[in-house]
Structures are given as structure tokens and as C-alpha cells.
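# Structural overview for review
Residues per chain, in single letters:
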Amino acid sequence: MGNTWGEIRTVFGEEFRRTTRRIAFRVMTLAVPVILLVLLIAVPLVRDLTSDGEEGEGEAEAGRIGLFDLSGELLTEEATEEGIRVFPDLEAGVTALVADDIESFFVIPHDYVESGRVEWLRTGSAVTAGFFAEEDTRRIQSWLREALVGGALLAEVKTRFVSPADFESIVVGEEGSTKEGAKEVELLSVSYIFAVMLMMAILTGSGYLLQSVAEEKENRMIEVLLTSVSPLRLMVGKVLALGSVGLLQVIVWAVSIGIMGPRILENFPNLGELTF
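Cut-offs applied
Residues numbered from 1 in each chain as written. Predicted model: local features only at pLDDT ≥ 70, side-chain atom pairs only at ≥ 80, totals over all residues. Heavy atoms only, no water. Pairing = 2+ DSSP bridges. Helix = DSSP H or I, 4+ residues; strand = E, 2+ residues; numbered from the N terminus. Axes fitted to C-alpha atoms, helices over the stretch in contact; angles between N-to-C directions. Phe/Tyr/Trp six-rings, centres within 6.5 Å; stacked < 30°, edge-to-face > 60°. Buried < 20%, exposed > 50% of the residue type's maximum accessible area, 1.4 Å probe, protein only. Salt bridge = Lys/Arg side-chain N within 4 Å of Asp/Glu carboxyl O. Core = buried A, V, L, I, M, F, W, Y, C linked by side-chain atoms within 4.5 Å. Contact = heavy atoms within 4.5 Å. Expected span 1.5 Å × (residues − 1). Bend = angle between axes of the 7 residues up to and from the residue. Polar contact = N/O pair within 3.5 Å; in protein donor to acceptor, adjacent residues only side chain to side chain.

## Comments concerning the sheet that holds strand E4 (residues 119-121)
Here four strands make up an open sheet; going across it, the order is E2-E1-E3-E4 and the pairing mixed. Unpaired on one side and paired on the other, strand E2 (84-86) and E4 mark the two borders of the sheet. Averaged over all adjacent pairs, the angle separating strand axes in this sheet is 25°, with direction ignored. Two strands pair when backbone bridges link them, and strand E1 (residues 65-69) and strand E3 (residues 104-108) are joined in this way by five bridges, in the parallel orientation.

Here's what the structure looks like:
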């Protein structure tokens, strides 16, 4: 028995050293920490540049939507505060649109209250415009809601009228227990991440095993080994060694994600509370 474990230990040590010295193993093992390190450095820089750009372009962004009210009933001084540039006539708005001073130009017709129809003028094709429709139309819809209610509602009620709800997902179990949907997504996300990591480690370890056996068979090393070690002990040592190599990869990946992952997620407000 002592000789058996000694042979397995010898095969284990040699196979472990051979595998960990492979360039492919080192690249695969260090790929995740390096990628996370790059994200840890790059994400805050990109976020800072984006925020600086938004602050510097605040005035230009405020006037990216144009408006001309033919009805004469909805336009108020609050329109400019909503980031909407008001034009005195249709020609001025079209001129600004063609000159790229604004990106969208909305015209409220005389019969808007009865028909609800609003003309949306934009340069480029209709297909391209569809990709950018959501933000501009949403801002005009919010402004129209506020303009329609006017001073009939209290300030806090008017705010809730413009933005009716902020939905919070709650999952109800079979026994009536409840839990937040965000927590469920969080748990599933972490489970999927570690499942993918485990699958990658298994596939990588089995690939190393196949490569090792192929090399030993090609250079006839396997014949020399079988004269000193039984096939069962040889395979046990190889499987244990490559299993340990796969486990080592998972540990390196998990520790890297656990250390750098939360710091990266801090840059995203909606994901900053994700825990591992």
C-alpha cells in the first residue's frame, strides 16, 4: 500500500509540474485576473471621461430637442427648463434642424387636444431615426403631460403624474413567502458565473489529460512508464493532478472576481450592491 501511494504521489507531482508549466495553462489561469484588472482601471477612467463630457455638454444637450406650438395653448416658460428649445415659427425650427443645431423638431398642430397628433421632424432615414426615438419622444411626452395638467395639480402630484411608477419586482413563493426579484437575479447570476467557471476548468483539465496521454504515446514514454507503474496508478495520479490543476484555476478566478469584482461594480449604481 505504501508503494502504491508513493507511485501515485510521484505521478501526481510530475503531472502537476508539467501542466502548470504549460504556457496555455498560465495564459488561461491569468486571463481572468488580467481582464478584471484592465476593467478595474479602464471603467473608472471611461466613467470619468463620460461624466466630464456630460457636464461640459450640458448646455448643448439642453437644446437638442426643438418645439413649435401651433395650438398656442400648451407652451409655457417651463419648456426651456425641460431641455426643450422653443422656436417662434416652423421655418426657424427646420433651419436649425438642417444645420444640426437640434436633433429632433416637434410640431404641435392646432388640433392636438382633439387628435393627439404631433409631427416629429428629424434628419436621416426613418429606420435610423427609430433607434433614437425613445429618449426624444419620452421627453416630449413628459412635457406634454405637465403642460396639459398645468396648475391643476399640486407639485408633488404633478411629478408623480409625469413619472407614474418605479416598479420593484417581488417574487411570491408557493407558500406565500416573498423575496425581491433583484435578489433572485443576483443569486442566479452568481450561480451561473461559477457554473461557467467550473465547466471551463473541467474542459481545460480534460484537454490537458488528453494532451498529456497523446504526447506520452507519441514519444513512447507511456511504454516506459507502464514498466514501472501499473495503468491504474498512473491514471489515478494523472486524474488527481489534473483535477488539482482545474481546482487551482477556479480558485484563482474566484479570488480575482471576489476581490476586483465588487470594486468594478461600484461604478454601476444599479449593480453596486451585488455580493458574491
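Once you've had a look at it, read on.
## Let's talk about the packing of aromatic side chains
Counted by the stated rule, this structure contains three aromatic pairs. Look at Phe 87 and Phe 105: their rings are 5.6 Å apart centre to centre, the planes differ by 85°, and that puts the pair in the edge-to-face class. Of this pair, Phe 87 sits in the loop between E2 and helix H4 (90-98) while Phe 105 sits in strand E3, and the two are 18 residues apart along the sequence. On the basis of relative accessibility, which here comes to 7%, the residue Phe 87 falls in the buried class. With relative accessibility at 0%, the residue Phe 105 sits in the buried group. Seen from their ring centres, Phe 106 and Trp 120 are 6.0 Å apart, and the 5° between their planes marks the pair as stacked.

## Structural notes on the pairing of E1
Most of E1 sits out of view: five of its five residues are buried. Summarising the sheet, E1 and E2 pair through three bridges and their orientation is parallel. Counted as the bridge partner of Gly 66 is Arg 85 from E2.

## Focus on the pairing of E3
Most of E3 is tucked away, with five of its five residues classed as buried. Burial of the side chains of E3 extends over both faces: Ser 104, Phe 106 and Ile 108 are buried on one face and Phe 105 and Val 107 on the other. As judged from the three bridges shared by E3 and E4, these two strands associate in the antiparallel manner. Bridge pairing in E4 places Phe 105 opposite Leu 121.

## A short note on the pattern of salt bridges
Applying the stated criterion across every chain, the model contains five salt bridges. For Glu 7, the salt bridge identified is with Arg 233, shortest N-O distance 2.6 Å. Taken together, the positions of Glu 7 in helix H1 (residues 2-20) and Arg 233 in helix H11 (residues 231-265) put the pair 226 residues apart, joining distant regions of the chain. Among the residues examined, Arg 233 registers a relative accessible area of 24% and is labelled partly exposed. Here Arg 18 and Glu 15 are joined by a salt bridge, their closest N and O atoms 3.8 Å apart. With Arg 18 and Glu 15 both in helix H1 and three residues apart, the pair spans about one turn of that helix. Owing to a relative accessible area of 24%, Arg 18 belongs among the partly exposed residues under this scheme. The buried category is assigned to Glu 15, whose relative accessible area is 2%. Connected through shared salt-bridge partners, Glu 15, Arg 18 and Lys 238 make up one network.

## Notes on the nonpolar core
Within the largest apolar cluster, eleven residues are counted, these being Ile 65, Leu 67, Leu 74, Ile 84, Phe 106, Ile 108, Tyr 112, Ile 140, Trp 143, Leu 144 and Ala 147. Those elements that place two or more of their residues in this core are E1, E3 and helix H7 (133-149). The element contributing the most residues to this core is H7, with four residues. What Leu 74 contacts, discounting residues up to four positions off in sequence, is Asp 69, Ile 108, Tyr 112, Trp 143, Leu 144, Ala 147 and Leu 148. Among the nonpolar cores identified, the runner-up in size contains nine residues, and Leu 36, Val 43, Val 250 and Ile 264 belong to it.

## Section: H11
For H11, spanning 35 residues, the distance from its first C-alpha to its last is 49 Å, which sits close to the expected 51 Å at 1.5 Å a residue. The sharpest bend along H11 measures roughly 30° and falls at Gly 258, with the proline Pro 262 sitting one to four residues further on.

## Structural notes on the side chain of Thr 20
By the element assignment, Thr 20 lies in helix H1. At a separation of 2.8 Å, a polar atom in the side chain of Thr 20 contacts the main-chain carbonyl oxygen of Phe 16. When residues no more than four places from it in sequence are discounted, the contact partners of Thr 20 are Phe 25, Arg 26 and Val 245.

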